[in-house]
Amino acid sequence: TNAATKKKRGTYARRKLSDAIDGIGSDSETDDEDGKWVDGSSGMTREQKRSEAAAKMTGEQSLLGLRRMFLSIGRPVDETKKKMSSRKQKQCEELGFYLFNTREEAKKDLKSIMTALEKSHHNPSTDAQSALRKDFIDPLSKLVKKSPQKLFWINMTFFLHHNPIVTLRSERTCAFVIPEVFCKWMWKVSCSSYRVMGKITLSTCQLLVRYLREKLDVDDFQSYADLSFLKKFKIDHIALCLENDFGLWLKPGPAVFPKVEPGIKTEEKDIKDASTLDAVALKNFFVLCTALLDRDYFCIAGNGAENGVGKGATSALVSVTRASLDVGLWTSDSYSSGCARMLPSVIPDLSASIVKSAARQIAKECVEEWMTNTAESVVESCCNLAAGDPGSTDADDAHGNLPLATVVTKLLTREVAEFSSDVALMKMYLAERALRSCLHDITDWDDKVKELMDSRCRELSNDDSDEIPCTEMFFHATHAVVTAEVGLEWIEKHMELMMQDKSRFLAAVQIAGECALVGVALFRCTNLDNETGKFKYSTEENDAICESLTNLEDLCNGVKMECRAVIAYPHLRRVKEYLTRLGKSIGGTRGISSKDQRKRMREQGSLDSWIARPFDSLNSP
């Protein structure tokens, strides 16, 4: 007995060491003996955990589907203006959509602002003007004129954090206003290069975001910040700023880097490295735009069908999509310099804010049309971006399918905790359109999806009509799951064709998985009633989604079995590991949706339920 116990302990210790080497930890969710789930509904087997750890190391960190999208950063304002039309130049000058290129330029602008404020508040006539003069203008003017050059920006940062007027935490009873010219200066500092301005860019950005989120820019007979210059913005100015100030490539096809002028010894690698992303400036700009969109500061032009529904919102989302594909956005070290959040984590929030703001401002009957057109534009912007750089993990992606999968996966969130019906529907339209673009061989998508929808939902109809009597959200959830089902069925039947282009195979599987998961998120979030804690959908609706999810789980296993040469082909390994996680996610939802079905099966075999049956049912055949 002691020998068996020691042997078992030794085996467990060796297994634990092996798990640690593979990057997984043992916990209560894993059964160490036969690899089964402990509670039957959650957790992963050791093999699945090891596969997931390997997938994270080889898949998520390999920068699949990313390309160079930014050509240059912080171009001189004069050079930018030469390339712009007079109308756009006037808009940028009015709205301050440009960056400070040097600290001297920012300090000179601040000096001119202080000179103007000193003249306008030379003889204050009210208590508010006196407070502004004493607590804000005089200290700032003294700082600008007498602070040593080396300590000026450090002192300026301290001033922004502790001045009672700037922080709107003054103990004075009078209501004062932070001047618009100073707020506009903070906006331009926030959008300036971190390499040039330093940590003051973070301070000004935090202040402006606080003003917007806490609605400290509203004149409600209390002290507030004058941000009226932001009300002139339009949402299409986001694309304008990204293209002209940050150097984002928005033309069709892969980015074309500038050629080296004769006589300059510069290698091609140096040209691309010269466009290294100033991630802090871009993050600040994205965070500010998110706060503005949440308050609907951006005016969305074209609410009517005659003007094009939400063209500005579409161009903004397309530009953010292109920006999210830049490899420097995910690899730059500068976004960790004093930032609370990394730049990649800001993009889903900005994308979601664009969608929600557009849904609020566009007429309700036009929202679905806008989402469909926007999904089409986003997919078009991600196509034909060429293969990755030589030697990269996606250098074989000749048709540029992996960038499309990257956008579908990372652009919009589908997390249940952050669920929004507008965002989920936008992601659904995007995933469905992307899957059709990736699997362009399927010419009868609509017929196949309609046939499966009718088959899954046939029990919902009480008559012979063709319409499916269900809620709108359930229809969208089922449509997304069925679309993924059609795509995976076609992949399973045409494995030989898919094996010829393994990057396309990986992209198609990932997009189909995202399409299924967004349908699952729609089903789970709209099925539960938060007030009563009960499920909303009927037994027939649960059975319909359960049938599709069961088929999807079988398709995942079927396609996974065809991925054999995983050592020789890394894309096949990524497909296999992704399908493993997808099957686990689908299996958990399938268990929830089939709860009523299992309950009916238990009641059928119960003697008590048979005795309690009505008399009429006993005589029925």
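Every chain begins its residue count from 1, and numbering advances along the sequence as written. pLDDT decides what is reported in this predicted model: residues at 70 or higher carry local features, side-chain atom pairs at 80 or more are listed and counted, and totals for whole chains, interfaces and linings draw on all residues regardless. Values reported for side chains reflect all heavy atoms of the structure, with hydrogen atoms and water molecules removed beforehand.

Section: the overall build of the protein chain
For the purposes of this entry, the term helix denotes a DSSP run of H or I that reaches at least four residues, the term strand denotes a run of E that reaches at least two, and both are numbered from the N terminus. Broken down by element type, the protein chain carries 28 helices and two strands. Categorising residues by exposure relies on relative accessible area from a 1.4 Å probe, with only protein chains included: less than 20% of the type maximum marks a residue as buried, more than 50% marks it as exposed, and the intermediate range marks it as partly exposed. Burial statistics for the protein chain: of 621 residues in total, 50% are counted as buried. A fraction of 74% describes how many contacts in the protein chain between residues 6 or more apart in sequence connect residues 24 or more apart. Contact definition: two residues touch when any of their heavy atoms are within 4.5 Å.

Considerations on helix α11 (residues 237-244)
With seven of eight residues buried, α11 is to be regarded as a mostly interior element. Of the positions making up α11, those classed as buried are His-237, Ile-238, Ala-239, Leu-240, Cys-241, Leu-242 and Asn-244.

Here we look at helix α6 (residues 127-146)
Helix length check: α6 (20 residues) gives 27 Å between terminal C-alpha atoms against 28 Å at 1.5 Å per residue, within 8%. At Arg-133, α6 shows its maximal kink, close to 40 degrees. Listed in full, the buried residues belonging to α6 are Ala-128, Ala-131, Leu-132, Arg-133, Asp-135, Phe-136, Ile-137, Leu-140, Ser-141, Leu-143 and Val-144. In a helix, the anticipated span is given by 1.5 Å times the number of residues less one. Here the bend at a residue means the angle between the axes of two seven-residue stretches, the one that ends at it and the one that starts at it.

Observations regarding the packing of helix α16 (residues 343-361) against helix α19 (residues 421-438)
With axes taken as lines fitted to C-alpha atoms, and helix axes fitted only over the stretch in contact, angles between N-to-C directions fall between 0 and 180 degrees. At their nearest, the axes of α16 and α19 sit 9 Å apart, and the two run at 110 degrees to each other. What the angle tells us is that α16 and α19 run roughly perpendicular. Contacts from Ala-352, Val-355, Lys-356 and Ala-359 of α16 reach α19 at Asp-422, Val-423 and Met-426. What sets the label is the angle itself: under 35 degrees gives roughly parallel, over 145 gives roughly antiparallel, 65 to 115 gives roughly perpendicular, and the rest give oblique.

So, the packing of helix α17 (residues 364-382) against α19
It is the contact of α17 with α19, at a shortest axis distance of 9 Å, that shows an interaxial angle of 45 degrees. Compared by their axis directions, α17 and α19 come out oblique. The hand of the α17/α19 crossing is right-handed. Contact residues: α17 offers Glu-368, Trp-370, Met-371, Thr-372, Thr-374, Ala-375, Glu-376, Val-378 and Val-379, while α19 offers Asp-422, Leu-425, Met-426, Tyr-429, Leu-430, Arg-433, Ala-434 and Ser-437. Residues belonging to the contact of α17 with α19 are distributed by class as follows: 10 nonpolar, three polar and four charged. The hand of a helix crossing depends on one turn: near helix anticlockwise from the far one by less than a right angle means left-handed, and clockwise means right-handed. Amino acid classes used here: Ala, Val, Leu, Ile, Met, Phe, Trp, Tyr, Cys and Pro are nonpolar; Asp, Glu, Lys and Arg are charged; the rest, including Gly, are polar.

Quick word on the confidence of the model for the protein chain
pLDDT: the predictor's confidence for each residue, scored from 0 to 100. Taken over all residues, the pLDDT of the protein chain has a mean of 76, while the share at 70 or more is 69%. Mean pLDDT in the protein chain bottoms out at helix α12 (residues 268-273), which sits at 41, and peaks at α19, which reaches 93. Here residues 57-61 is a poorly scored stretch, pLDDT under 50, and it has eight contacts once near neighbours within four places are set aside; other chains count.

Remarks on the pattern of salt bridges
Any Lys or Arg side-chain nitrogen located within 4 Å of an Asp or Glu carboxyl oxygen qualifies as a salt bridge. Taken as a whole and assessed by the stated rule, the structure comprises 15 salt bridges. In this structure, Arg-133 engages Asp-138 in a salt bridge whose closest nitrogen and oxygen atoms are separated by 3.0 Å. Classification of Asp-138 by relative accessible area gives partly exposed; the value is 33%. As a salt-bridge pair, Arg-360 and Asp-296 come within 2.9 Å of each other at their nearest N and O atoms. Here Arg-360 is found in helix α16, whereas its partner Asp-296 is found in the loop between α13 (279-294) and α14 (311-324), with 64 residues between them in sequence. It is possible to trace a salt-bridge network through shared partners that takes in Arg-67, Asp-394 and Asp-397.

Notes on the state of the cysteines
Count a disulfide wherever a pair of cysteine sulfur atoms falls within 2.5 Å. Summed over all chains, the structure comprises zero disulfides. Lacking any disulfide linkage, Cys-438 is separated from the closest cysteine sulfur, that of Cys-383, by 8.9 Å. A relative accessible area of 1% means that Cys-438 is categorised as buried.

Digging into the packing of aromatic side chains
Two aromatic rings, taken as a pair, are described by how far apart their centres are and by the angle between their planes. Classification of ring pairs rests on two measures: the distance between centres of Phe, Tyr or Trp rings, Trp counted by its six-membered ring, which must be within 6.5 Å, and the angle between planes, read as stacked under 30 degrees, edge-to-face over 60 and tilted in between. Inspection of every chain in the model, using the stated rule, returns nine aromatic pairs. Within the aromatic cluster, the residues linked to one another by ring pairs are Phe-136, Phe-159, Phe-182 and Trp-185. The ring centre of Phe-152 lies 4.4 Å from the NZ or CZ of Lys-107, which sits over that ring. Positioned over the ring face of Tyr-569 is Lys-502, at 4.2 Å from the centre of the ring. Counted as over-ring charges are cases with an Arg CZ or a Lys NZ within 6 Å of the ring centre that also lie within 35 degrees of the ring normal.

With respect to the environment of Asn-373
Within the secondary structure, Asn-373 is located in helix α17. Taking the C-alpha atoms as reference points, Asn-373 and Val-309, separated by 64 residues in sequence, lie 8.7 Å from one another.

Looking at unusual backbone geometry
Despite not being glycine, Leu-168 has its phi angle at roughly 55 degrees, a positive value. Structurally, Leu-168 can be placed in the loop between α7 (152-162) and β1 (177-178). Residue classification places Leu-168 among the buried positions, given a relative accessible area of 16%. Phi is positive for Lys-215, which is not a glycine, with a value near 55 degrees.

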